[in-house]
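# Architecture at a glance
Residues per chain are reported as follows:
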Amino acid sequence: MTVEKILTWFYACKTTDVPENGGVCVKYNDEQIALFHFTRRNEWYATQNECPHRQQMALSRGMIGSQNGEPKVACPFHKRTFSLITGECLSDDECSIKTYEVKIEDGNVFIAVEE
Amino acid sequence: MKIVVIGNGMVGYKFCEKLVAKQSNQHKIVVFGEEIRPAYDRVHLSEFFAGKSADDLLMATADWYSENNIQLLLSDPIIHIDRANKKITSHHGLVEDYDILVLATGSAAFVPPIPGVEKQGVFIYRTIEDLELMTAYAKKAKTGAVIGGGLLGLEAAKAMLDLGIVDTQVIEFAPRLMPRQIDDAGSKILQHKLESLGLTIHTNKNTSAILGDDRITGMQFTDDTQIDVDMLVISAGIKPRDELAKQAGLAVGPRGGIMVNEQLQTSDENIYAIGECALYNNMIYGLVAPGYEMADVVVAKLTGGEKTFTGFDMSTKLKLIGVDVASFGNPFVASNEGRAIVLEDTHKGIYKRINISNDGKELLGGILIGDADAYNMLLQTCKSKVVLPPNPEDIILGSRGGSEASEGAGVASLPDDALICSCEAITKGMICSSVTDAACETVDAIKKCTKAGTGCGGCVPMIKDLMVHTMKTQGKYVRNVLCEHFDYSRQELFDLVKLKELKTYDEVLNELGKGDGCELCKPPVASILASLWNELILAKGNDTAQDSNDRFLANIQKGGTYSVVPRIPGGEITPDKLIVIGSVAKKYNLYTKITGGQRIDLFGAHLTDLPNIWQELIDAGFESGHAYGKSLRTVKSCVGSTWCRFGLHDSVSFAIEIEERYRGLRSPHKLKSGVSGCIRECAEAKSKDFGIIATEKGWNLFVCGNGGSKPQHALLLASDIDSETCIKYIDRFLMFYVKTADPLTRTATWLNKMEGGIDYLRNVVVNDSLGMAAQWETEMKLHVATYECEWKAAIETPEIRKRFSHFVNAPEEKDPTVKFDEMREMKKAKEWK
Ligand code: SRM
Ligand SMILES: Cc1cc2nc3c(=O)[nH]c(=O)nc-3n(C[C@H](O)[C@H](O)[C@H](O)COP(=O)(O)OP(=O)(O)OC[C@H]3O[C@@H](n4cnc5c(N)ncnc54)[C@H](O)[C@@H]3O)c2cc1C
Ligand code: SF4
Ligand code: FES
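The following refers to the structure shown. A quick note: this is a predicted structure, and the numbers were derived from the prediction, not measured.

Cut-offs applied
- Residues numbered from 1 in each chain as written.
- Chains lettered and ligands numbered in written order.
- Predicted model: local features only at pLDDT ≥ 70, side-chain atom pairs only at ≥ 80, totals over all residues.
- Heavy atoms only, no water.
- Contact = heavy atoms within 4.5 Å.
- Buried area = accessible area lost by both parts, 1.4 Å probe.
- Salt bridge = Lys/Arg side-chain N within 4 Å of Asp/Glu carboxyl O.
- Pairing = 2+ DSSP bridges.
- Helix = DSSP H or I, 4+ residues; strand = E, 2+ residues; numbered from the N terminus.
- Axes fitted to C-alpha atoms, helices over the stretch in contact; angles between N-to-C directions.
- Near = heavy atom within 4 Å.
- Polar contact = N/O pair within 3.5 Å; in protein donor to acceptor, adjacent residues only side chain to side chain.
- Phe/Tyr/Trp six-rings, centres within 6.5 Å; stacked < 30°, edge-to-face > 60°.
- Buried < 20%, exposed > 50% of the residue type's maximum accessible area, 1.4 Å probe, protein only.

## Structural notes on the interface of chain A and chain B
- Contact residues are listed per partner, giving 42 residues for chain A and 46 residues for chain B.
- Between chain A and chain B, a total of about 3,500 Å² is buried, with carbon and sulfur atoms accounting for 47% of that surface.
- Inspection of the chain A/chain B interface yields seven salt bridges.
- Between Arg41(A) and Asp516(B) there is a salt bridge, with the nearest N and O atoms lying 2.6 Å from each other.

Put into structure tokens, the structure is as follows:
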């Protein structure tokens, strides 16, 4: 049996609100979501904003890039890096982060959250 | 076969890890641990005080055990072994049968029977819980003491200092510190160093009672003296945990420890003992590396291999921050066995002793205090019995005159079986073949492939040397490239970017690199672009390539707030400007502190407040201090001839001129300077990247000094020059550095790696041997002419100003997770976990 996740899409911001190849933080109720526009790859990603290493709300201010093709974000505090696709920590650590689906419609960015 | 392990400490864990790696799933493994959490890194326990959490210290998470089919039962010590029926019983009443039982019960702190040890405020130093209890108690304590001046005792004493107990005393019973590792002369130097850290040391002191009613208030010694203390840590040695073995009738030593043979078998052939509970050849090995070796021997035996344990080297290096202490091989050689060569520099606090065989060929052991950089090399020379050079004193003095031995020659002379990483038992041969056979060409790759360097990390520099050496012998040209996206060094990239006139990060990546970039190449490329074109660093396209601190023009602090550092050239400031800083700090509730660089730092600003704060500062005539940038920080000055009775020239005016000339210049690392008005050097100019000291006839210019972790004094570049020449030389010097240094390399390190050293540099800067002087001076003129305050530009550009909000969809709201605590009438960042 597969359990269907019920996803709700909410409007986050305009595509132009997000810096090229960078991130912003989106507020959804009490949740903080880091949204990234990987302009170079023409891709959008969203993850939790909190870095699990020292529980800092900072990933949206991190630098994005890739490691062997895998898109990643580096936390500005101690440079732990996380895959933007799986949320897995790439700096051989144990912690991982939550990721969210993103879609773009007419220049508007939507993020999917589980209800 | 069912294997039951009692004890989930460092060695018990390592046993599981090695067993799983050898033969997954063939054995059923059950582990019982007494502590509440899975095995953690006890060796680095003290880092708990430096901010590491219990989770950071874990050797592996609980999930690791279940993923590898290991049943882990924590908080449940074993209380009984029934050898006849091969069964054990736990405290909670669980009964497990076993085919093979492994005892890895470790040791406990030895607490001498001093009257009063049970009082509150008396601690031992072994588990995370001990540290948590100490942390809580230390809040109320002002004075502290440690019984025991050995390795662990000194570590505990440093921990007390870190806990804020500034008055901490060490009580050692023996006539010297670390009596088992170092000699009297070494102990004296060490004692001196520790006293300069703030510790008080007593040797030859024997505690007779711990005073106080319920809680400790003081200590009484056998020489009839007393001291007052609020808190005590006992670190007088270890006691193997052999109580379970004893009760099961296994043979134990007269002074404790479970007796084992070369296979680590106890007197019952189905029961093994490993780690600190095992007694081999009348010896308890109180270090982690021998424990790991024991685990390896038992795993080999259980998986059909052949290995034996025949003792282990007990060389150690103390981890105390700020004091290097190491002892290896046999540190005290008797006069008939060999002779000692000693270097003692009481001024610098360095003591080095090497013991060599009577024929002068072999290194038997030694002691290093104050400077233990040579530890790895000497340890290997000693263990591998490498034949010593004809003048063995060279190995501690460095060769003087004649041909200088290069560093690489050091690792090359080691035999293949030299143990490089003793935590993981990895030899030179294994590391070299990971380079040749498994094509590991980065230290990280070698770490992943061999596990070398993943324990205490002390061998990492040597791994790097070996890697470079092996690659060179393979005929590989070892390139110093930025990262996987650029096949160029910073210097090559600098020239190419200039030649091709590339202006944005993406252009550089398209033209010269591959992939999408990363946090390793973005900041250096952004810095090259800034140095070359001097455009606004937050211009579109380059903003997100800047290191996060540059992107927000402020340094991120604990908790996610930022610091604000206005430039205060030369440290000179008017009363009116001081008032502005004070009122801005008050309005935005900022913590204020005078920095080590003669200016004022305002901490705890919300991202959203940054533009408003800077608006007010700029309106009052301030500008960015670039505290976040790899660029000029401060030019410190002393008061100089305007007031000082010794001043030769006006050092403040010159410092201001220098600071305003080079402000905003982007460079491979930060730049600092200082100007002193006379030889008394109150501005500490000689510890700066470039420093200027007044002489009767003009200025002396010094370059490439550094504070930081490896301090180094600046060297004289030119003497008795006038202000104009001085500035000309600095222009050239800085441009040469900006163009040729690797990323994050300070001028001192840059010079240390430069062939020909200061003489070469002087030739380039003063005699213009490269013919670049005119061009560099013109480029610097352009920099000066185009300088603009970044913060001014940021607040005036709506597009940029908009970026300073925490929530893109609620720009007015501050990050609700930011929390502060109060301290001395101001605030501080909430402690992180
Ligand atoms: C604020 C200050 C400490 C203080 O309260 O006094 C400070 C604070 C920091 N220093 Fe420093 N250093 C401060 C003076 C120094 C000094 C003393 C000096 O400049 O005279 C030194 C030694 C001198 C030297 O650099 O050679 C110093 C050597 C370092 C180093 C080691 C550099 C090295 O070459 O080894 C780092 C680490 C780095 O840059 O990689 C560092 C890094 C830092 C960072 C940036 C750490 C970080 O990444 O957050 C701190 C940022 C605080 C902030 O947000 O403003 N800080 N730091 C001082 C600011 C001076 C200023 O007005 O700009
Ligand atoms: C502060 C500190 C600093 C150190 N620094 C260094 C260093 O720099 N270099 C170095 O080489 N070594 C160092 N050591 C020593 C190193 O930590 C030990 O050598 C290592 O931990 C030994 O591992 P072990 O598994 O034998 O024992 P432990 O790590 O002590 O593990 C034994 C475990 O068994 C459990 N146990 C005991 N009895 C039972 C039972 N009946 N049932 C179930 N569980 C039981 C214990 O609770 C414990 O968790 C340091 C130690 C300390 C405390
Ligand atoms: S020495 Fe510098 S980097 Fe270290 S804690 Fe102090 S301010 Fe921070
Ligand atoms: S808080 Fe993110 S790496 Fe430390």
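Anyway, onward from the coordinates.
## Concerning the sheet that holds strand E32 (residues 632–637) of chain B
All names here are of chain B.
- The five strands are arranged E32-E33-E34-E35-E36 in an open sheet whose pairing can be described as mixed. One side of each edge strand has no neighbouring strand; the edge strands of this open sheet are E32 and strand E36 (715–721). Each adjacent strand pair in this sheet contributes to an overall mean axis angle of 15°, direction not counted.
- Against the sheet, helix H21 (residues 651–662) touches E32, strand E33 (671–676), strand E34 (690–694) and strand E35 (699–703), its axis set at about 175° to E32.

## Description of the site of ligand 1
- As a structural note, the neighbourhood of ligand 1 is formed by 20 residues, with Gln557(B), Gly596(B), Lys670(B), Lys688(B) and Gly707(B) the closest of them.
- The separation between an oxygen atom of ligand 1 and a polar side-chain atom of Lys670(B) is 2.7 Å.

## Some details on the packing of aromatic side chains
Residues and elements named next belong to chain B.
- Taken as a whole, this structure holds 21 aromatic pairs over all chains when the rule is applied.
- Seen in terms of ring centroids, Phe 654 and Trp 699 are 4.6 Å apart; in terms of plane orientation they differ by 15°. Their pairing is stacked. Placement of Phe 654 in helix H21 and of Trp 699 in strand E35 is noted, with a sequence separation of 45 residues between them. Pair check on accessibility: Phe 654 and Trp 699 agree, each one buried.
- Taking the centre distance of 5.4 Å and the plane angle of 75° together, the rings of Phe 736 and Trp 750 count as edge-to-face.

## A few points about the environment of Gly664(B)
Residues and elements named next belong to chain B.
- With respect to the helices, strands and loops of the structure, Gly 664 is situated in the loop between H21 and E33.
- Through-space distance from the C-alpha of Gly 664 to that of Gly 629 is 8.3 Å; in sequence the pair is 35 residues apart.
- Once residues within four sequence positions are removed from consideration, Gly 664 is found in contact with His 626, Ser 631, His 783 and Tyr 787.

In short, geometric facts, not functional conclusions.
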